[in-house]
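# Residue-level structure breakdown
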Amino acid sequence: EPIGVAALITPWNWPMNQVALKAAPALAAGCTVILKPSELAPLSSMLFAEMVHEAGFPPGTFNLINGDADAGHRLASHADVDMVSLTGSTRAGVSVTKAAADTCKRVVLELGGKGPNLVFSDVDDLEAVVRRGVGHVLNNSGQSCNAPTRMLVEASVYERAVAIAAKAAASKRVGSPAEPGNHIGPIANGAQFAKVQSLIASGVREGGKLVAGGLGRPAGLTHGYYCKPTVFADVSAEMQISREEIFGPVLVMMPFDDEEHAIALANDTAYGLTSYVQTSDPSRARRLARRLRAGMVAVNGSGRAAGSPFGGVGQSGNGREGGVWGLREFLEVKAISGWPKMDAE
């Protein structure tokens, strides 16, 4: 049965993607919906609300509230709300979970990540693999929870990989999103820009080897929240840039000695959203996929099949979106004994 009234709290980095991943299954399951989009990216949600209205959904089935974190807190704590589905930072997830605790409602969280990308020396084309990894980090200007922001490379090819990554990042153009072309745009807002800059400074201060990018805006850009595509090499697991989700165009790299070392480094994180494996050895790929602590594992650049669940473990969240798993989050299971048989049956 539908769980009831579902509060949907969505982020600013992939606004319409996250709205659709929540609203579609919630409505299909038969729930009534209250959507609170990020106050930093509300316009597409307002357009979505118009589409729902024009489609003829009954009044009250879909509701839109605009507001800041206080609005989300009020939804999470309200006794008439039966569940909350939130995509956002781990900090936001903790706050909403605490607000929901007094009413014992279901809380489904899709939170941050610090994805490891394990690159073994047996890959068919090291340059292509490393460049693909850098490109994935820079996608959406680094503002993706499932970005492979920790590249762990087998020691025998590590220096080559660092050189390839540095060149790939340095060659990536940064410019206005209004312009056509294969370039990345700015960070979404001033607070996030400041956070990215602070963490880059932390990486320099703690001894990371800066091989591309760094502090400040790219050359030629004097205004706007533009960040340089940045790569740190020789990063240790204790550094802040290795442990915190930066949410900007920043890659950290470190070498590993063997498979066991790679697994230990990959799992040494509070997060557990997506892990990435690059190897030409099928047996190794299967071993790693089982042992990596993550909700999703991508092998050799493969995408997830249609209907696959999206979500993580640990501080990356506790729920799943997409496919049948996304529908189940909005359903309750009822067991009935002694169901009467009717004469007509």
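In short, a report on the structure. Note on numbering: residues in each chain are counted from 1, in written sequence order. Owing to the predicted nature of the model, reporting of local features is limited to residues with pLDDT of at least 70; listing and counting of side-chain atom pairs is limited to 80 or more, with chain, interface and lining totals taken over all residues. Water and hydrogen atoms were dropped before computing side-chain values, which therefore reflect all heavy atoms in the structure.

The next point concerns the pattern of salt bridges. Definition used for salt bridges: Asp or Glu carboxyl oxygen within 4 Å of a side-chain nitrogen of Lys or Arg. Inspection of every chain in the model, using the stated rule, returns 11 salt bridges. A salt bridge links Lys334 to Glu1; the shortest N-O distance between them is 2.9 Å. With Lys334 in the segment after α11 (323-328) and Glu1 in the segment before β1 (5-9), the pair connects residues that are 333 residues apart, well separated along the chain. Where Arg74 meets Asp70, a salt bridge forms, and the shortest distance between an N and an O atom there is 2.9 Å. Separated by 4 residues within a single helix, Arg74 and Asp70 lie in helix α3 (residues 69-77), roughly one turn from each other. Residue Asp70 is classed as partly exposed on the basis of its relative accessible area of 41%. The secondary structure listing takes helices from DSSP runs of H or I that are at least 4 residues long and strands from runs of E that are at least 2 residues long, numbered from the N terminus. Type-normalised accessible area, obtained with a 1.4 Å probe on protein chains alone, sets the label of each residue: buried when under 20%, exposed when over 50%, and partly exposed for intermediate values.

Time to look at the packing of helix α1 (residues 15-29) against helix α2 (residues 43-55). Packed helices, taken two at a time, are described by their axes: the angle between them and the distance between them. Fitting a line to C-alpha atoms yields each axis, with helices limited to the stretch in contact; the angle taken between N-to-C directions then spans 0 to 180 degrees. Here α1 crosses α2 at 40°, and the two axes come no closer than 9 Å. The angle between α1 and α2 falls in the class oblique. The crossing of α1 and α2 is right-handed. Touching Pro15, Met16, Val19 and Ala23 of α1 are Ser44, Ser45 and Phe48, all from α2. Along the lines of polarity and charge, the residues of the contact of α1 with α2 split into 5 nonpolar, 2 polar and no charged. These descriptions rest on fixed angle ranges, namely under 35 degrees for roughly parallel, over 145 for roughly antiparallel, 65 to 115 for roughly perpendicular, and the rest for oblique. A clockwise turn of the near helix away from the far one marks a right-handed crossing, whereas an anticlockwise turn of less than a right angle marks a left-handed crossing. Contact between two residues is taken to exist if any of their heavy atoms lie within 4.5 Å; hydrogens are not considered. Charged means Asp, Glu, Lys or Arg here, nonpolar means Ala, Val, Leu, Ile, Met, Phe, Trp, Tyr, Cys or Pro, and polar covers whatever is left, Gly included.

Before going further, it helps to spend a moment on unusual backbone geometry. Positioned with a positive phi, Cys104 is a non-glycine residue whose angle comes to about 55°. Within the secondary structure, Cys104 is located in the loop between α4 (90-101) and β5 (106-110). Take Cys104: its relative accessible area is 72%, and that puts it in the exposed class. The phi angle at Phe247 is positive, at roughly 60°, despite the residue not being glycine.

A few words on the pairing of strand β9 (residues 230-233). What you see with β9 is no split at all: Thr230 and Phe232 on one side and Val231 and Ala233 on the other are buried throughout. Here the rule is simple: two strands pair whenever DSSP picks up at least two bridges between them. Pairing between strand β8 (residues 209-212) and β9: 3 bridges, direction antiparallel. Across the sheet, Lys209 pairs through a bridge with Ala233, a residue of β9. The pairing of β9 with strand β10 (residues 250-256) spans 3 bridges and is classified as parallel. Across the sheet, residue Val231 finds its bridge partner in β10, namely Leu251.

Moving on, we get to the sheet that holds strand β12 (residues 296-299). Reading across the sheet, the 7 strands line up as β8-β9-β10-β7-β6-β11-β12 and stay open at both edges, with mixed pairing between neighbours. The outermost strands of the open sheet, each flanked by one partner alone, are β8 and β12. This sheet shows a mean twist of 25° between the axes of neighbouring strands, independent of strand direction. Running at roughly 145° to β10, helix α9 (residues 259-267) makes contact with β6 (116-119), β7 (150-154) and β10 of the sheet.

On the secondary structure map, Glu329 appears in the segment after α11. We classify Glu329 as buried; its relative accessible area is 16%. Distance from Glu329 to Pro2, taken between C-alpha atoms, is 9.5 Å for residues 327 residues apart in sequence. Setting aside residues up to four positions removed in sequence, Glu329 forms contacts with Met83, Arg106, Val108, Gly319 and Arg320. Among the polar contacts listed, one links the side chain of Glu329 to the backbone nitrogen of Arg320, at a separation of 2.8 Å. Counting of polar contacts relies on pairs of N or O atoms within 3.5 Å, with two restrictions inside protein: one atom must be capable of donating a hydrogen and the other of accepting it, and residues adjacent in sequence are counted only when both atoms are side-chain atoms.

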